[in-house]
Amino acid sequence: MNTLVAGVDEAGRGPLAGPVVVAAVILDPSRPLAGLGDSKALSAAQRESLAPQIRSLALAWSVIVVDVDEIDRLNIFHATMAGMTRSVLALATPPREVLIDGNKIPKDLRLPARAIVKGDASEPCISAASILAKTHRDALMREYDAAHPVYGFAQHYGYPTPEHLERLRQHGPCAIHRRSFAPVRALLQGGLFDSATR
């Protein structure tokens, strides 16, 4: 029986600021975890409770941070694919198969792999990866909030909420804003946000 199956998922493709975080997890069938599910459907408290259990009980896990510079250089899709490959390669135990949340498989992943749409809700190993990626990214964004308090990163985590867009208009982008994303790019070009400071 093939037990060395790695689940892979990411957090942070949609925000205007901060990194994409990708996690890979190989669960131990002999130590099942209750409560796994799509990280977006779980409460923050549930995710924070499950994350250390996943790290403790999994056969192997990894978390990869893809920074803003790489996102802007490659574009968000290719940066995410690169992070997925890295997360699998970083596992202490090589998997025999990789299950990836979504509908795309990284072209340079040299392992048997399947893409599963909404896999974070149906495959426990993907659910576990989803939780590790989400909790790690949220913690990073809270750190960025302390460094850049005017943007409210601890509230919206970099997503394009009305509050975040208004803060962008008022203050212009900071070092962790994604220059390749349309609202930030338009601000820098002086097109969309007339009141923005550069």
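Being a predicted model, the structure only gives us computed values, none of them experimental. (Residues numbered from 1 in each chain as written. Predicted model: local features only at pLDDT ≥ 70, side-chain atom pairs only at ≥ 80, totals over all residues. Heavy atoms only, no water.)

Asker: Explain the nonpolar core here, please?
Answerer: What tends to happen in soluble globular proteins is that the nonpolar side chains get buried as a cluster. Counting 26 residues, the largest nonpolar core has Val-8 and Ile-71 as its most contacted members. The set of elements that each furnish at least two residues to this core consists of β1 (5-11), β2 (20-26), β3 (60-66), α3 (76-89), β4 (97-101), α6 (162-171) and α7 (182-189). Once residues lying within four places of it in the same chain are set aside, the contact partners of Ile-71 are Gly-18, Pro-19, Val-20, Val-66, Ile-76, Ala-79, Arg-178, Ser-180 and Phe-181. Ranked by size, the runner-up nonpolar core spans 22 residues in total, among them Val-25, Leu-27, Leu-42 and Ala-133. (Core = buried A, V, L, I, M, F, W, Y, C linked by side-chain atoms within 4.5 Å. Buried < 20%, exposed > 50% of the residue type's maximum accessible area, 1.4 Å probe, protein only. Helix = DSSP H or I, 4+ residues; strand = E, 2+ residues; numbered from the N terminus. Contact = heavy atoms within 4.5 Å.)

Asker: What is the right way to read the packing of aromatic side chains from this model?
Answerer: Geometrically, a pair of aromatic rings is defined through the distance of the ring centres and the angle of the planes. Applying the stated criterion across every chain, the model contains one aromatic pair. Where Tyr-151 meets Phe-153, the ring centres are 5.4 Å apart and the plane angle is 20 degrees; that geometry is what we call stacked. Residues Tyr-151 and Phe-153 agree in their burial class; the two are buried. Across from the ring centre of Trp-61, 6.0 Å away, lies the NZ or CZ of Arg-55, which sits over that ring. Taking NZ or CZ as reference, Lys-134 lies 5.5 Å from the ring centre of Tyr-157, over its face. (Phe/Tyr/Trp six-rings, centres within 6.5 Å; stacked < 30°, edge-to-face > 60°. Lys NZ or Arg CZ within 6 Å of the ring centre and 35° of its normal.)

Asker: Whenever I open this one, the sheet that holds strand β5 (residues 113-116) confuses me. Can you help?
Answerer: The strands that make up a sheet are held in pairs by hydrogen bonds between backbone atoms, and each pair lies either parallel or antiparallel. The strand order across the open sheet built from five strands is β3-β2-β1-β4-β5, with neighbouring strands paired in mixed fashion. Since the sheet does not close on itself, it has two edges, and those belong to β3 and β5, each with one partner. Within the sheet, the average angular offset between the axes of one strand and its neighbour, ignoring direction, is 20 degrees. Summarising the sheet, β2 and β3 pair through seven bridges and their orientation is antiparallel. What sits directly across from Val-20, in β3, is Val-66. The strands touched by helix α4 (residues 124-147) are β1, β2, β3, β4 and β5; relative to β1, the strand with the most contacts, the crossing angle is about 35 degrees. (Pairing = 2+ DSSP bridges. Axes fitted to C-alpha atoms, helices over the stretch in contact; angles between N-to-C directions.)

Asker: Whenever I open this one, the pairing of β2 confuses me. Can you help?
Answerer: Each regular strand displays side chains that alternate between the two surfaces of the sheet. Of all seven residues in β2, seven are buried, a share of seventy percent or more. Residue alternation in β2 divides its side chains into two sets, Val-20, Val-22, Ala-24 and Ile-26 and Val-21, Ala-23 and Val-25, and both sets are buried. Note that β1 and β2 share six bridges and pair antiparallel. Bridge assignment links Ala-6 to a residue of β2, and that residue is Ile-26.

Asker: Before we go on, may I ask you to explain α7 in this structure?
Answerer: Note that an α-helix has 3.6 residues per turn; residues three or four places apart therefore point the same way. Looking only at α7, the buried set comprises Val-184, Ala-186 and Leu-187. Buried residues along α7 cover an arc of 165 degrees about the axis, so they all sit on one side. Looking at the packing, one finds that the buried side of α7 touches α6. Just downstream of α7 lies Gly-190, where phi reads positive at about 75 degrees. (Arc of directions from axis to C-beta.)

Asker: Where do I start with the packing of helix α1 (residues 44-57) against α4 in this structure?
Answerer: A pair of packed helices can be characterised by two numbers: the angle between their axes and the separation between those axes. For the pair α1 and α4, interaxial distance at closest approach is 9 Å and the crossing angle is 115 degrees. Two packed elements cross with a definite hand, and for α1 against α4 that hand is left-handed. Residues Arg-47, Glu-48, Leu-50, Ala-51, Ile-54 and Arg-55 of α1 pack against Ala-128, Ile-131, Leu-132, Lys-134, Thr-135, Asp-138 and Arg-142 of α4. For the contact of α1 with α4, a count of residues per class yields six nonpolar, one polar and six charged. (Left-handed = near helix turned anticlockwise from the far one by under 90°. Nonpolar A, V, L, I, M, F, W, Y, C, P; charged D, E, K, R; others polar.)

Note that every value here comes from positions in space, so none of it alone points to a role or purpose.
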